[in-house]
Amino acid sequence: MDVQRYKQRLLELEATLSGRSAREAKSGREQLIETAADAGDASVADESTSEDFTEAELDATVLQQVQDALRRIENGTYGQCLIDGGPIETKRLDAVPWAPYCAKHQQQFEAASRSKPTL
Ligand SMILES: [Zn+2]
């Protein structure tokens, strides 16, 4: 596996995400209006302001996962599923270089977090 290639992508992602989160946390609304103006549609700004913070939170989560993945590269465990230590599919790492689980366990994990107790 070409770990260096993934490492490069993860480092770029880390830089992008950490820069973006800090900026959005500071002036989420201003930032969004500028972005909307750039896109030539100012009417979008008001409607999606609340989503902007959700996106910032999402960035923070992904940033955490990216940093975890970089740590796994240092430890030599990158590309191994955290649950069973099995290999994470290369196709999966190409799409999501910070993926901590193989496809099988990711599905189980998502199914578990989706299923909420119903009365
Ligand atoms: Zn697994």
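Just so it is clear, the model here is predicted, and its values are computed rather than measured. (Residues numbered from 1 in each chain as written. Predicted model: local features only at pLDDT ≥ 70, side-chain atom pairs only at ≥ 80, totals over all residues. Heavy atoms only, no water.)

## Points about the coordination of the zinc ion
As a reminder, the rule being used: For Na, K and Ca the donor cutoff is 3.2 Å, while for all other metals N, O and S atoms must lie within 2.8 Å; water is not among the atoms, so some sites may look incomplete. Helix and strand labels come from DSSP, where a helix needs a run of H or I of at least four residues and a strand needs a run of E of at least two; each type is numbered from the N terminus. The buried label goes to any residue with under 20% of its type's maximum accessible area, the exposed label to any with over 50%, and the partly exposed label to all in between, with areas taken from a 1.4 Å probe on protein chains only.
Distances from the zinc ion to its protein donors, namely Cys81 (SG), Asp84 (OD), Cys102 (SG) and His105 (ND1), fall within the range 1.9 to 2.7 Å. Expressed as a motif, the donor residue spacing for the zinc ion is C-x2-D-x17-C-x2-H. Of this pair, Asp84 sits in the loop between α3 (49–75) and α4 (90–95) while Cys102 sits in the loop between α4 and α5 (103–114); the two residues are 18 residues apart in sequence, bridging distant segments of the chain. Taking the relative accessible area as the measure of exposure, Asp84 reaches 44% and is therefore partly exposed. Judged by relative accessible area, which is 7%, Cys102 ranks as buried.

## Notes on the environment of Pro100
Convention followed: Any two residues having at least one pair of non-hydrogen atoms within 4.5 Å are treated as being in contact.
Position of Pro100 relative to the elements: it lies in the loop between α4 and α5. Owing to a relative accessible area of 11%, Pro100 belongs among the buried residues under this scheme. For the pair Pro100 and Gln65, spaced 35 residues apart in the sequence, the C-alpha separation amounts to 7.8 Å. Filtering out sequence-adjacent residues up to four positions away, Pro100 remains in contact with Arg72, Gln80, Cys81, Leu82, Ile88 and Gln106.

## With respect to the confidence of the model for the protein
As a reminder, the rule being used: Think of pLDDT as the predictor's per-residue confidence, scored from 0 to 100.
Across the protein, the average pLDDT comes to 82, with 70% of residues at or above 70. Mean pLDDT across the elements of the protein ranges from a minimum in helix α2 (residues 43–47), with 52, to a maximum in α4, with 95.

## Some details on the pattern of salt bridges
Heads up, the condition is: A side-chain nitrogen of Lys or Arg and a carboxyl oxygen of Asp or Glu constitute a salt bridge if their distance falls within 4 Å.
Per the stated rule, a full pass over the model turns up four salt bridges. Here Arg5 makes a salt bridge to Asp2, at a shortest N to O gap of 3.9 Å. The exposure class assigned to Arg5 is partly exposed, which follows from its relative accessible area of 39%. When the shortest N-O distance is used, the salt bridge between Lys7 and Glu74 registers 3.3 Å. Placement of the pair is Lys7 in helix α1 (residues 3–38) and Glu74 in helix α3, with a sequence separation of 67 residues. In the salt-bridge network here, residues are joined through shared partners; they are Asp2, Arg5 and Asp94.

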